[in-house]
Amino acid sequence: MAEINRAVKGTNDILPDKSHNYRFVEEKMLEIAALYGFREIRVPVFEHTEVFSRNVGEDTDVVQKEMYTFSDKGGRSITLRPELTAGVVRSVIEKGVIAGALPAKVCYIGGCYRYEKPQAGRLREFHQFGVECFGAGDPAADAEIIALARQILLTLGVKGISLKINSIGCEKCRKDYVAALKNYFEGHKEELCDTCKDRLERNPMRILDCKSPVCSKIAAGAPVITDYLCDDCKEHFASVKENLTAQGIIFEVDPHIVRGLDYYNKTVFEFVSGDIGAQSTVCGGGRYDGLVAKMGGKDTPALGFGLGIERLMLLLENMNVQLPEDRKCDLYVAAMGGSAKLAAGKICAEMRNEGFEALCDLCGRGLKAQLKYADKIGAKYSVVLGDDELNCGKVKIKDMKTGDEHECDITAIPDKITDLNLKAALGSLEESVLNGEKA
RNA sequence: GUGGAUGUAGCUUAGUUGGUUAAAGCGCCGGUUUGUGGCACCGGAGACCGUGGGUUCGAGUCCCAUCUUCCACCCCA
């Protein structure tokens with residue numbers, strides 16, 4: 001296949017046989033977020049480059065080597081969003097959302113773009129669901145968004161995930177900690193891997209989650225951030241934990257989770273799973289109290305999380321979680337002859353007005369082939385329309401699963417289908433009641 | 001950006017030490033008395049063997065390059 005006809009590296013097509021699964025999951029997430037007061041916000045896919053470079057952090061990998069940046073025809077430097085938080089913060093400041101009632105709670109679903117080398121659970125275009133909460137400085141807010149992320153994952157049937165939390169303190173206490181960390185690692189400088197030698201200068205906290213056995217062994221003995229938190233941060237973290245425990249949410253404090261975006265402070269957390277390859281984080285987030293002020297808004301505490309939709313789907317697939325089936329064709333109208341075809345079109349139109357999915361032949365096929373098609377697409381009912389039916393004004397509606405036929409007037413097809421569906425629904429209800437009694 | 005694996009019809013694969021018109025299953029289309037789907041049988045369409053070079057009388061098979069996909073590192077959702 002010529003390269004021009006192929007999907008761009010690291011992008012994915014979601015075909016009709018899968019798209020309903022995504023739709024189901026996305027709607028579920030929005031629905032659950034709404035229970036916590038989060039309402040959807042939609043922001044552009046691209047922003048001025050500085051929105052990301054300044055706020056995600058000049059030194060981060062995301063900004064340094066992963067952004068899709070280009071000049072538009074007006075000479076502006078534009079970047080496809082590598083994440084959604086920065087753009088959402090820009091929006092809520094600019095449009096005055098945070099000038100209204102606080103906390104302001106928004107959630108989103110959208111594509112993100114990062115120029116990375118694709119692998120399991122990592123694409124160049126991927127999709128995130130996320131929430132952002134503005135104006136809530138209380139530790140209860142931290143616990144609330146964690147509870148929300150957890151409820152989403154549990155509701156969708158994800159199993160075997162664990163919650164890891166940490167506090168990376170505020171600017172003040174982090175300064176002391178980084179100094180202590182640097183001092184500690186300096187003592188082991190020669191043993192560290194090459195990238196970690198580099199990290200020692202740029203961002204010593206990153207050494208903590210290096211996967212090299214040597215580095216992680218050294219890191220195990222490193223000072224932990226929680227010992228360096230100022231009184232305020234310490235109290236905040238303790239309260240977050242207290243809130244989680246009060247809600248029965250099990251967590252593990254992992255002093256090594258750090259997050260790769262610069263705007264985080266205090267609480268950070270991740271939901272991790274061993275079932276999506278090396279990319280174990282399904283959902284990650286935390287507090288970013290300084291970001292709104294940094295972006296020119298009024299000093300406002302804030303927090304949120306992002307959840308990778310493709311990673312979530314991978315998890316669901318690997319765990320064989322059954323999602324609801326897509327809707328099927330309610331009625332296939334097979335027709336023979338010109339006047340029957342016209343009548344078939346009319347019946348379909350009536351059915352659709354009643355909210356049914358109704359199909360008829362568009363390929364000029366014979367009766368047999370039409371029914372074959374009806375079978376392939378899983379049509380629930382079919383009728384055959386020919387001269388006989390047109391003359392007497394009656395058709396037989398066939399249940400494609402059982403083969404049972406039910407006669408009715410041509411004009412009464414929608415009513416008859418409604419009736420049959422109702423009976424079928426009652427039947428399965430009775431069955432489940434019976435089964436319930438047995439059990 | 002670094003490393004490892006991969007690439008033959010829509011899908012899953014076969015293709016012997018390089019040798020004529022590249023094979024099968026599934027899927028697709030059609031047929032088996034122009035009035036009935038699922039089963040069976042029959043037939044058909046569909047592949048410049050990822051791409052570009054090279055070696056050779058001859059390359060799907062060998063060599064080089066390049067791209068894709070997959071997996072790992074880095075980093076993140």
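Criteria and thresholds
- Residues numbered from 1 in each chain as written.
- Chains lettered and ligands numbered in written order.
- Predicted model: local features only at pLDDT ≥ 70, side-chain atom pairs only at ≥ 80, totals over all residues.
- Domains from an automatic or database assignment.
- Core = buried A, V, L, I, M, F, W, Y, C linked by C-beta atoms within 7 Å.
- Buried ≥ 20, exposed ≤ 12 C-beta atoms within 10 Å, placed from the backbone.
- Helix = DSSP H or I, 4+ residues; strand = E, 2+ residues; numbered from the N terminus.
- Contact = placed C-beta atoms within 7 Å.
- Near = placed C-beta within 6 Å.
- Nonpolar A, V, L, I, M, F, W, Y, C, P; charged D, E, K, R; others polar.
- pLDDT = per-residue confidence, 0-100.
- Axes fitted to C-alpha atoms, helices over the stretch in contact; angles between N-to-C directions.
- Parallel < 35°, antiparallel > 145°, perpendicular 65-115°, else oblique.
- Left-handed = near helix turned anticlockwise from the far one by under 90°.
- Pairing = 2+ DSSP bridges.

Engineer: Any chance you could explain the domain arrangement of chain A here in plain terms?
Structural biologist: Interfaces are often sized by the amount of accessible area the parts lose when they come together. Under the domain assignment used here, chain A contains domain 1 (3–170 + 230–318) and domain 2 (331–420). Relative placement of domain 1 and domain 2: their C-alpha centres are 48 Å apart.

Engineer: Would you explain the nonpolar core in this entry?
Structural biologist: Side chains that are nonpolar tend, in soluble globular proteins, to be buried together. Counting 81 residues, the largest nonpolar core has V92, V106, V131, C133, I145 and A149 as the members making the most contacts within it. With 8 residues, the single largest contributor to this core is helix α5 (residues 139–155). With residues up to four places along the chain from it excluded, the contact list for I145 reads V131, C133, G285, L303, G304 and F305. With 23 residues, the next largest nonpolar core counts A343, L385, I397 and I413 among its residues.

Engineer: Explain the protein's contact with RNA strand B to me, please; I cannot follow it from the model alone.
Structural biologist: Taken together, 58 residues form the shell around RNA strand B, and within it G260, G277, A278, G308 and D388 come nearest. Tallying contributions element by element places helix α13 (residues 367–376) first for the surface near RNA strand B, with 8 residues. Along the lines of polarity and charge, the residues of the surface near RNA strand B split into 18 nonpolar, 16 polar and 24 charged.

Engineer: What should I look at first to understand the confidence of the model for chain A in this one?
Structural biologist: Detailed reading of predicted coordinates is not advised where the pLDDT is low. Predicted confidence across chain A gives a mean pLDDT of 91, with 97% of residues reaching 70 or more. Across the interface, the model reports ipTM at 0.89; the global pTM reads 0.92.

Engineer: It is not clear to me how the packing of α5 against helix α9 (residues 231–246) should be interpreted in this structure. Could you clarify?
Structural biologist: For any two helices packed against each other, the geometry is given by the interaxial angle and the distance between the axes. Relative to each other, α5 and α9 sit at 45 degrees, their axes nearing to 8 Å. Our classification of the angle between α5 and α9 gives oblique. The crossing of α5 and α9 is right-handed. Residues P139, A140, D142, A143 and I146 of α5 form the contact with α9, whose participating residues are H236, S239, V240, N243 and L244.

Engineer: Would you explain the sheet that holds strand β13 (residues 358–360) in this entry?
Structural biologist: By definition, the strands of a sheet pair up through backbone hydrogen bonds, in either a parallel or an antiparallel sense. Spatially, β13-β12-β14-β15-β16 is the arrangement adopted by the 5 strands of the open sheet, whose pairing is mixed. Because the sheet does not close on itself, it has two edges, and the strands there are β13 and β16 (405–409). Across the sheet, the mean angle from the axis of one strand to that of its neighbour is 25 degrees, orientation sign disregarded. Direction of pairing for strand β14 (residues 381–385) relative to strand β15 (residues 394–399): antiparallel, over a ladder of 3 bridges.

Engineer: What am I meant to see in the pairing of strand β6 (residues 125–134) here?
Structural biologist: Side chains on a regular strand alternate between the two faces of the sheet. With 9 of its 10 residues buried, β6 lies for the most part within the structure. As paired strands, strand β5 (residues 104–113) and β6 are joined by 10 bridges and run antiparallel to one another. Residue pairing in the sheet places K105 in a bridge with C133 of β6.

Engineer: Can you walk me through the environment of L80 in this structure?
Structural biologist: Looking at the secondary structure, you find L80 in strand β4 (residues 77–80). Classification of L80 by C-beta neighbours within 10 Å gives buried; the count is 20. Taking the C-alpha atoms as reference, L80 lies 21 Å from K294; in sequence the two are 214 residues apart. If sequence neighbours within four positions are ignored, L80 has contacts with V45, F46, Y68 and Y113.

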